[in-house]
Amino acid sequence: MSADFDRLPFKPADILLPRDCDYDKWAVVACDQYTSQPEYWERVERRVGRSPSALRLILPESSLDGPQMEMDITDINATMAAYLREGRFKTLPGAMVYVERTLWSGRTRRGLVGMADLTAYDYEPGSDALIRATEGVVMTRIPPRIAVRKNAPIELPHAMLLADDPGRTVIEPLAAQTDRMELLYDFDLMEQGGHVKGWLLNEDQLEQVRQALSGLADPAAFRARYAAEEGAVMLFAVGDGNHSLATAKECYERLKRLMPPEKWDGLPARYALCELVNLHDTSLEFEPIHRVVFHTDPEALLDALVRAYPGARRGSRAGDGGLPLRYLCAGREGVITVPAPGRLPVGILQEFLDGYLMGHEGRVDYIHGEEVAREFAARPGNIAFLLPPMDKAALFPTVIHDGILPRKTFSMGEAHDKRFYLEARKIR
């Protein structure tokens, strides 16, 4: 790794790429997608068959509470070790990969694969780290993820970091330089995933990226941009994979407790492979993440929601300043209006659901796409809440000045737009 990146929290990595396999069967979507649609993962299983695949190296989130979870994790770690032993990967030392992802919509999202320094990342509210979480981390979701990662010899990333780079200085200049890069992969992704290409940066391009990131990290420029008279620079926000990075951070902290301090900096677990994307990428849209409560009494839940907030009511009136919460159940639609100026609808709703479901029957899931939410809401015993999108331009100023957002506030695209597992990295 080049010493020139030492002061930056995003660096070149020894990246592993699979070889001697069909990439279209190797690459599968992020494990935290389609959690209430097991038929999706069943289709992927049939498509992959017995071929080498990242599917054998991840545990879909829908299986985290399954009866075979411990056995599944053991199988995953054994397969990782077998793939390494069999020479299934080739190593790209000290590398960054420029990625062009053509989404199903036809738009192209550009990114840069490297590794994030977990010592520069913090998911706690009020953090002043260079890399900050954008939403609250649910600590109960960390232990099962630690169980997957703690003995894993490699990691496969679906975390995506966001840079607020309106001048398009870091990633976009690489698009005109691919003729001077080595093409690493170029193939179609399964299940409406679109198409992906990746190129290996050369030394000159690595230096170009380093200089551009150093410019974004300049404290004076940061304070001028965000009207922040004081406070530390926030260089990156976690766009996708907050819980994955929190898990990696926790595993690193646990490993440090077993090692003398002089060995901490050299631990591979200090870093996590990620893709960096510009917040201003024209393909990047913030989609809302809807809530569906399964196996509940929708009318009782709605009554409780009205009672939970003084002045809340069913229906809405224009101009009264209330926050409308749209719901669907039993073939009908409605609105609960909550008088909560200055708050986000997602924050109000999540606060209520967290408390309500502690004492009532039901299970909440976070759904990408209004059509899917409507399908679930049509089934007896389910209710869906449709949330509005967040303006992506407000992300950095909000996190800098007000702190992290309520969890699952936004999604960077639909489920099939999420990052597919392809690159890997040794973490032991």
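Please refer to the structure placed before this passage.
Figured I'd write up the structure that's included with this text.

Calculation rules
- Residues numbered from 1 in each chain as written.
- Predicted model: local features only at pLDDT ≥ 70, side-chain atom pairs only at ≥ 80, totals over all residues.
- Heavy atoms only, no water.
- Patch = residues over 30% accessible without salt bridge, like charges linked within 9 Å, V, L, I, M, F, W, Y side chains within 5 Å.
- Areas by Shrake-Rupley, 256 points an atom, 1.4 Å probe, with all protein chains shown as cover.
- Salt bridge = Lys/Arg side-chain N within 4 Å of Asp/Glu carboxyl O.
- Lys, Arg positive; Asp, Glu negative; His and termini not counted.
- Charge placed at Lys NZ, Arg CZ, Asp CG, Glu CD.
- Helix = DSSP H or I, 4+ residues; strand = E, 2+ residues; numbered from the N terminus.
- Buried < 20%, exposed > 50% of the residue type's maximum accessible area, 1.4 Å probe, protein only.
- Axes fitted to C-alpha atoms, helices over the stretch in contact; angles between N-to-C directions.
- Parallel < 35°, antiparallel > 145°, perpendicular 65-115°, else oblique.
- Left-handed = near helix turned anticlockwise from the far one by under 90°.
- Contact = heavy atoms within 4.5 Å.
- Nonpolar A, V, L, I, M, F, W, Y, C, P; charged D, E, K, R; others polar.
- Arc of directions from axis to C-beta.
- Core = buried A, V, L, I, M, F, W, Y, C linked by side-chain atoms within 4.5 Å.
- Phe/Tyr/Trp six-rings, centres within 6.5 Å; stacked < 30°, edge-to-face > 60°.
- Lys NZ or Arg CZ within 6 Å of the ring centre and 35° of its normal.
- Polar contact = N/O pair within 3.5 Å; in protein donor to acceptor, adjacent residues only side chain to side chain.
- Pairing = 2+ DSSP bridges.
- Disulfide = S-S within 2.5 Å.

Regarding a negative patch on the surface
Part 1: A grouping of Glu-39, Glu-42, Glu-371 and Glu-375 is seen on the molecular surface, where their side chains present a negatively charged patch.
Part 2: Secondary structure elements with two or more residues in the negative patch: helix 2 (38–48) and helix 10 (370–377).
Part 3: Overall, the relative accessible area of 44% leaves Glu-42 in the partly exposed class.

Re the packing of helix 8 (residues 298–308) against helix 9 (residues 345–359)
Two packed helices can be described by the angle between their axes and the distance between those axes.
Part 1: Look at helix 8 against helix 9: their axes get within 11 Å of each other, and the N-to-C directions meet at 120°. Looking at the two axes, helix 8 sits oblique to helix 9. In this structure, the crossing between helix 8 and helix 9 has a hand that is right-handed. Note on element contacts: helix 9 touches helix 8 through Phe-352, Leu-353 and Tyr-356, opposite Ala-300, Leu-301, Ala-304, Leu-305 and Ala-308.
Part 2: For the contact of helix 8 with helix 9, the per-class residue count stands at eight nonpolar, no polar and no charged.

A closer look at the pattern of salt bridges
Part 1: Enumeration over the complete set of coordinates arrives at 24 salt bridges.
Part 2: Across the pair Arg-149 and Glu-155 runs a salt bridge whose closest N-O atoms are separated by 2.9 Å. In this pair, the class of Arg-149 matches that of Glu-155, namely buried.
Part 3: Members of the salt-bridge network, linked through shared partners, are Glu-299, Asp-303, Arg-314 and Arg-332.

Quick word on helix 11 (residues 395–402)
Part 1: If you check which residues of helix 11 are buried, you get Leu-395, Phe-396, Val-399 and Ile-400. Along helix 11, the residues classed as buried sweep out an arc of 120° about the axis, all on the same side.
Part 2: Looking at the buried residues of helix 11, the elements they touch are strand 8 (131–132), strand 10 (160–163), helix 6 (219–226), strand 13 (236–240), strand 15 (286–294) and strand 21 (410–412).
Part 3: Two residues or fewer after helix 11 comes Gly-403, characterised by a positive phi angle close to 95°.

Some remarks on the nonpolar core
Part 1: By size, the foremost hydrophobic cluster in this structure holds 61 residues, and its most contacted members are Leu-112, Leu-161, Leu-276 and Leu-395.
Part 2: Aside from chain neighbours lying at most four places away, what touches Leu-276 is Phe-10, Arg-110, Gly-111, Leu-112, Leu-161, Leu-162, Ala-163, Val-170, Ile-171, Leu-213 and Phe-236.
Part 3: Judged by nonpolar contacts, the second largest core, of 53 residues, contains Val-48, Leu-55, Phe-187 and Ile-427.

Section: the packing of aromatic side chains
Part 1: In the structure shown here, the tally under the stated rule is 15 aromatic pairs.
Part 2: Between Phe-222 and Tyr-226, the ring centres sit 5.0 Å apart and the planes meet at 55°, which makes this aromatic pair tilted. On the criterion of helical spacing, the pair formed by Phe-222 and Tyr-226 is a turn pair, its members being four residues apart in helix 6. The same class applies to Phe-222 as to Tyr-226, namely buried.
Part 3: Among the aromatic residues, ring-to-ring pairing joins Tyr-23, Tyr-185 and Phe-187 into one connected group.
Part 4: Seen from the ring of Trp-264, Lys-256 lies directly overhead, with NZ or CZ sitting 4.6 Å from the centre.

Some details on the environment of Glu-100
Part 1: Relative to the assigned elements, Glu-100 resides in strand 5 (residues 97–102).
Part 2: Classification of Glu-100 by relative accessible area gives buried; the value is 15%.
Part 3: In this structure the C-alpha to C-alpha distance between Glu-100 and Met-115, which are 15 residues apart in sequence, comes to 18 Å.
Part 4: The residues touching Glu-100, leaving out its near neighbours within four places in the chain, are Thr-108, Arg-109, Arg-110, Ala-175, His-195, Val-196, Lys-197 and Trp-199.
Part 5: Polar side-chain contacts of Glu-100 include one of 2.6 Å to the side chain of Tyr-98.

What to know about the environment of Leu-156
Part 1: By the secondary structure assignment, Leu-156 is in the loop between strand 9 (154–155) and strand 10.
Part 2: Each C-alpha atom of the pair Leu-156 and Leu-57 lies 8.0 Å from the other, and the pair is 99 residues apart in sequence.
Part 3: With near-sequence residues (within four places) excluded, Leu-156 lies in contact with Ala-54, Leu-57, Met-80, Tyr-421, Glu-423 and Ala-424.

A few points about the pairing of strand 15
Part 1: With eight of its nine residues buried, strand 15 lies for the most part within the structure.
Part 2: Both strand 15 and strand 21 contribute to a ladder of three bridges, which runs antiparallel. Considered in strand 21, the bridge of Glu-287 is made with Ser-411.
Part 3: Bridging between strand 15 and strand 19 (residues 363–368) involves six bridges; their strand directions are antiparallel. For Val-293, the partnering residue across the bridge sits in strand 19 and is Val-364.
Part 4: Relative to strand 20 (residues 383–386), strand 15 runs antiparallel, the two sharing three bridges. Of the residues in strand 20, the one forming a bridge with Val-292 is Ala-384.

Some thoughts on the state of the cysteines
Part 1: All told, the structure shown has zero disulfides when counted by the stated rule.
Part 2: Sulfur of Cys-31: no disulfide; nearest cysteine sulfur belongs to Cys-251 and is 14 Å away.
Part 3: Judged by relative accessible area, which is 13%, Cys-251 ranks as buried.

A look at the environment of Val-28
Part 1: With respect to the element layout, Val-28 can be found in strand 3 (residues 28–29).
Part 2: Accessibility expressed as a relative area gives 0% for Val-28, which makes it buried.
Part 3: Through-space distance from the C-alpha of Val-28 to that of Ser-53 is 7.9 Å; in sequence the pair is 25 residues apart.
Part 4: Apart from residues lying up to four places away in sequence, Val-28 is in contact with Val-44, Ser-53, Ala-54, Leu-55, Ile-58, Met-190, Arg-419, Phe-420 and Tyr-421.

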